[in-house]
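Summary of structural features
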Amino acid sequence: MDHLPLAAPVLSSPSQHGAGRALDAYKAALATAASAAAYAVMARSMARELLPEELRAAARWLAAAARARLGRGDRERHTIVIRRQHDSGGYGENHLFEAARAYLATRIDPRAMRRLCLARSRAKEPDGGGRWSTLLCMEPGGSTVDVFDGVEFTWTSVETGGDDKKKGKGNGGGGSPRESLELSFDAEHTDTALERYVPFVMSTAEELQMRDRALRIFMNEGRSWHGINHQHPATFDTLAMDAALKDAVIADLDRFLKRREYYRRIGKAWKRGYLLYGPPGTGKSSLVAAMANYLRFNLYDLDLSEVRLNSALQKLLIHMPNKSILVIEDIDCCFDAAASRKDAKAPELVDQLDPDYTSDSSDEGWQVNTQQAKGITLSGLLNFIDGLWSTCGEERIIVFTTNYRERLDPALLRPGRMDMHVYMGYCCWEAFRTLARNYFLVDDHELFPEIKELLEKVDVTPAEVSEMLLRSEDVDVALWGLKEFLRERIRKTRKETEEEDGAEAAEEVVAQKSESSVVL
C-alpha cells in the first residue's frame, strides 16, 4: 500500500513571485536610505569641522530663502507694530522706530523695490557748521525681507490716519497720517524676535549713528568738560608707522570691541589701556586720532595741571560717557611737576583745604603737602584705571603718551593697567612709503632705493620727513630734497660722534697725566 505524503509540495504562483520581489525591493530601499542617512551624518560632521562659519551661515540663509519661496503653508504668523509716536503710557516718541528705519536703510535693495523714499537732512553742529545725511526708506505699502540667524523677518511700512479717517472711512480717528513699521515672523520664532533680533536692530542702528556722527574732542576746565568738533584726518591707512605694529593695534581694538560678555564673565571692567612712547615727532598724537576715527569714539583730553583734587578728578572721569577715549599726554611730566612745586602761598591754601594740616618746614613736607593742595595723587588716577572707580562706565579706551618711558612710576607700568605698550620709533622704510603715498600718490620712484639705504643709517622722525616732503608739490624735487637732508644728517651725526670720541680721548690723556704727576 502506498503511503500518502505528509505534506504536499507548495507550488509558487505568479502573485507570490510579485510579493517576493516587492519585499526585496523594500529591503533594498531601506538599506539605501540607511546608507544615505549615514553619509549625510558624516557629511554634516565634516562640514561642521571643515567649513568656516561664514559658509555655514550662508547655507542657512539659502535654506531659509528656499523655504520662503516654497511657501509656509498654514503656519501661524505674529506681527509686532512699531509706531513712530506712542501716545499711551507717556512714551511719546518711539526711538525703536527711528532705529528700525536706520537699520532697514542698510538692508533695502533699491533695484528690487519699485517705490522708495529718499530723504536728505542737514544737521547743525555746535561750531556753526553742518553736515548732510542721506536716508533710504520704504514708502507706505512697501515691504522687505531680512534673514537673521536663518529666521526670516518681514518688514512692512504702514501709514494710517489722514483725510480718509476724517470722513469716516476706516477705523480710528482722523488727523495727520501716522507712520508705523510692522515686523512679521513665524510664531515659533517669537523668542528669537524679541530677545535677539530687536536688540540686534537697536545695537546696529546705534553703531550706524556712532559712525555717522561728527567726532568731538573735550578739554577739562575746572570740574567740567568743554568740547569742540574733532576733524583730525588721520586714519590707519595714512598713519606712518611700522606695518606690523599698525596691524597689531587694529587687531587689538577689534578684539576689544567684541569682548563685552567676556569681560563680564571674568569680572573685569570693559576698558583697554595703551601706553604710547617714543621720541617727539614720531606720531603718537596722530595714532590717537586714528584710533578715534577708527572706533568713532569722542576724545577726552585730560590736563592734570587743571585738576586740584582727587574728588575733582573723579567727577570729571565719572561724567565721561561710554564709548570714549581718555587721553593723558606726557604722563611722565604730570606728577613730577606736582611733586616739585614750592609755592609761597601753599600753607594758606592747605589750611583752607585741610584744617588739620600742620606746617612742616622740611623740603619733603612741603613737597608732599603742596601736591595734595594743588594737584592730584597718582593713586587717585590709578583708582580710576583699575580700582573700584574703573567700573563707572564701560567700553572705554585709556591712552597715556610719554617721550621717556623710563621716567614713569613703576605703578603705572604694572600689568593690567596699560594693557598694550606701543613704541613709536623713528621713520622706517614702511613709514616713509606711506608718507610718499599720502603726499604724492606714488608707490615707487627711482630715488626710493637710495632713500631706503639712508633711512637705515640715520634716525629721523616721521615729522621731519613730512616737513621735507611738504616743501614741494613736485615729487622729484621733494624726494631729492629729502635725500640731501638725510645725507646732511648722517654727516652731522658722524661729526658729532668724532668730536665726542676726541673729547673722551683728551679727557683720558689728562687723567693719565694727573695720575703720573701724583706718582712722582
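Here the structure is shown first, and the text comes after it.
What comes next is a walk through the structure. Nothing here was measured: the structure is a model prediction, and the numbers come from that model.

Right, let's get into the layout of surface pockets. In this model, the second largest pocket occupies a volume close to 560 Å³. Taken together, 19 residues make up the lining of the second largest pocket; nearest its centre are Glu207, Leu257, Trp270, Lys323 and Glu395. The element that contributes the greatest number of residues to the lining of the second largest pocket is helix α5 (residues 190-212), accounting for 5 residues. Its residues assigned to classes, the lining of the second largest pocket comprises 6 nonpolar, 2 polar and 11 charged.

Looking now at the pairing of strand β7 (residues 151-160). As defined by bridge partners, strand β6 (residues 143-148) adjoins β7 across 6 bridges and the pair is classed as antiparallel. When the bridges of β7 are listed, Phe148 appears paired with Val151. Connecting β6 to the antiparallel partner β7 that follows it, the hairpin turn spans 2 residues, and Asp149 within it adopts a positive phi of roughly 50 degrees.

What follows covers helix α17 (residues 462-469). Think of an α-helix as turning once every 3.6 residues; residues three or four places apart then point the same way. Among the residues of α17, Pro462, Val465, Ser466, Met468 and Leu469 are the ones counted as buried. End-on, the buried residues of α17 take up no more than an arc of 160 degrees, which puts them together on one face.

When you line up the elements, Lys323 lands in the loop between α9 (310-318) and β13 (324-328). Side-chain polar atoms of Lys323 contact the side chain of Glu395, separated by 2.8 Å. For Lys323, the residues in contact, after removing those within four places along its chain, are Glu206, Met210, Arg213, Phe297, Asn298, Glu394 and Glu395.

The next thing to look at is unusual backbone geometry. Phi is positive for Lys323, which is not a glycine, with a value near 55 degrees. The buried category is assigned to Lys323, whose relative accessible area is 19%. The phi torsion at Glu395 lies on the positive side, around 55 degrees, for a residue other than glycine.

It is worth spelling out the packing of aromatic side chains at this point. Counted under the stated rule, the structure contains 18 aromatic pairs. Judged by centre distance (5.8 Å) and plane angle (40 degrees), the ring pair of Phe256 and Trp270 falls under tilted. A residue pair is termed long-range when its members are at least 10 positions apart, and Phe256 in helix α6 (residues 243-257) and Trp270 in the loop between α7 (260-266) and β11 (271-277) qualify at 14 residues. This pair shows no difference in class: Phe256 is buried, exactly as Trp270 is. Over the ring of Tyr262 we find Arg259, and its NZ or CZ is 4.0 Å from the ring centre. Just above the ring of Tyr404 sits the side chain of Arg407; from NZ or CZ to the centre is 3.9 Å.

Following both chains from N to C, one finds helix α15 (residues 429-440) and helix α16 (residues 448-455) inclined at 135 degrees, their axes separated by 10 Å at the closest point. For the element pair α15 / α16, the angle class is oblique. The way α15 lies across α16 gives a crossing that is right-handed. Two secondary-structure elements touch here, α15 through Trp429, Phe432 and Ala436 and α16 through Phe448, Ile451, Lys452 and Leu455. Here the residues of the contact of α15 with α16 sort into 6 nonpolar, no polar and 1 charged.

Taken in spatial order, the 7 strands make up an open sheet running β10-β9-β12-β13-β14-β11-β15, and their pairing is mixed. Both edges of this open sheet fall to β10 (224-229) and β15 (420-423), since each of them pairs with a single strand only. Along the sheet, successive strands turn relative to each other by an average axial angle of 25 degrees, direction set aside. The pairing of strand β12 (residues 298-301) with β13 spans 4 bridges and is classified as parallel. Looking across to β13, one finds that Asn298 is bridged to Ser324. Where α6 meets the sheet, it contacts β11, β14 (396-402) and β15, and its direction lies at approximately 155 degrees from that of β15.

Criteria and thresholds
Residues numbered from 1 in each chain as written. Predicted model: local features only at pLDDT ≥ 70, side-chain atom pairs only at ≥ 80, totals over all residues. Heavy atoms only, no water. 1 Å grid on protein atoms, 1.4 Å probe; cavity = no way out; pocket = protein on both sides within 12 Å on 5 of 7 lines; lining within 4 Å. Points joined across faces, edges and corners; volume = space filled by probe spheres on them. Helix = DSSP H or I, 4+ residues; strand = E, 2+ residues; numbered from the N terminus. Nonpolar A, V, L, I, M, F, W, Y, C, P; charged D, E, K, R; others polar. Pairing = 2+ DSSP bridges. Buried < 20%, exposed > 50% of the residue type's maximum accessible area, 1.4 Å probe, protein only. Arc of directions from axis to C-beta. Polar contact = N/O pair within 3.5 Å; in protein donor to acceptor, adjacent residues only side chain to side chain. Contact = heavy atoms within 4.5 Å. Phe/Tyr/Trp six-rings, centres within 6.5 Å; stacked < 30°, edge-to-face > 60°. Lys NZ or Arg CZ within 6 Å of the ring centre and 35° of its normal. Axes fitted to C-alpha atoms, helices over the stretch in contact; angles between N-to-C directions. Parallel < 35°, antiparallel > 145°, perpendicular 65-115°, else oblique. Left-handed = near helix turned anticlockwise from the far one by under 90°.

This is a description of form; function is not addressed.
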